[in-house]
Amino acid sequence: MTHTQIDTLTSWLDEARSAVFFGGAGVSTASGIPDFRSAAGLYASQGRGGRSPEYMLSHECLMNEPAEFFTFHRQNLVHPDAQPNRAHTGLAELERQARMTAVVTQNIDGLHQKAGSQVVHELHGSVQRYYCLGRGHHQFTLEQIPDSPVVPICPDCGAMIRPDVVLYGEMLDDDVVDAAVTAVRQADVLLVGGTSLNVYPAAGLLHYYRGDRLALVNLTETPMDYQADLVIHSPIDEVIGQVCDRLFV
Ligand code: OAD
């Protein structure tokens, strides 16, 4: 990243009143949570006897092989000890300073809320929340889910409990998508970071932005780089950290 790039992003966020951040797994790698598609990511490290990672993250797997599903889920997606990094804390500070109105995330780790962000649209749900498949849809927090049995069972009705995450083969929640689209439409600055922009419909959110301050920060190239007004190929945690150091001295 260059001084000019950091200067530009700093001035955009300094003037912003309704900035929106849209992020993905790269936001949490500095917190020790692997992303999906990098060389060190979950997809490369997890070949499971012919089962693809997409299958392990699918509705089909949950229904047909719940024990396999939950073993994979607990081992790879639940990180109770992970702490927010400078990206999360910087974004929370931008919201407190009334420069940023919302974080839209594909992540399910809950680290934006842990850092203090109030308005977080979780497109793919959260591993912090669970509900049962019984009629009552009884709700639970991560802390309430025991380690055994492997497949958690609702103490109220005996139905299987599942994580409140969007699995492959499932639809995104309409209300969450609507809120995210509205925030992006009204954004003066759109900061996109730590996402390969490979997964739809989430990646399609960029098309709703109407301004001319679209900044894209990712370690590697993305299919949307050509649409951005500013592209920085550097760690998002370092970029946000440097910008916030300048804004909040
Ligand atoms: P990906 O793993 O596809 O992309 C993460 C991107 O972040 C990669 O392009 C990395 O180069 C980049 N990256 C890693 N660390 C970074 C850092 N510190 N700073 C900046 N960039 C960094 O993850 P997502 O785009 O989030 O969906 O993937 C989207 C969806 O695919 C996930 O939500 C998940 C997955 O399948 C579901 O499970 C439904």
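Residues numbered from 1 in each chain as written. Predicted model: local features only at pLDDT ≥ 70, side-chain atom pairs only at ≥ 80, totals over all residues. Heavy atoms only, no water.

**Student:** Even after reading the chapter, I still don't get the site of the ligand, so can you show me in this structure?
**Tutor:** If you check the shell around the ligand, you find 24 residues, and the closest are Arg-37, Tyr-43, Tyr-168, Thr-195 and Ser-196. At a separation of 2.9 Å, a nitrogen atom of the ligand approaches a polar side-chain atom of Thr-29. Contact between the ligand and His-124: an oxygen atom at 2.8 Å from a side-chain N or O atom of the residue. In the complex, the protein chains occlude 93% of the 790 Å² of accessible area that the ligand would expose alone. Of the pockets mapped on this structure, the ligand occupies the largest pocket. Looking at the shell around the ligand, its residues break down into 9 nonpolar, 12 polar and 3 charged. (Near = heavy atom within 4 Å. Polar contact = N/O pair within 3.5 Å; in protein donor to acceptor, adjacent residues only side chain to side chain. Areas by Shrake-Rupley, 256 points an atom, 1.4 Å probe, with all protein chains shown as cover. 1 Å grid on protein atoms, 1.4 Å probe; cavity = no way out; pocket = protein on both sides within 12 Å on 5 of 7 lines; lining within 4 Å. Sits in = over half its atoms within 2 Å of the grid points. Nonpolar A, V, L, I, M, F, W, Y, C, P; charged D, E, K, R; others polar.)

**Student:** Is there a simple way to explain the environment of Ile-153 in this structure?
**Tutor:** Mapping Ile-153 onto the fold places it in the loop between strand S5 (139-141) and strand S6 (161-165). Residue classification places Ile-153 among the partly exposed residues on the basis of a relative accessible area of 44%. For the pair Ile-153 and Cys-132, spaced 21 residues apart in sequence, the C-alpha separation works out to 7.7 Å. Once residues within four sequence positions are removed from consideration, Ile-153 is found in contact with Gly-158, Ala-159, Met-160 and Ile-161. (Helix = DSSP H or I, 4+ residues; strand = E, 2+ residues; numbered from the N terminus. Buried < 20%, exposed > 50% of the residue type's maximum accessible area, 1.4 Å probe, protein only. Contact = heavy atoms within 4.5 Å.)

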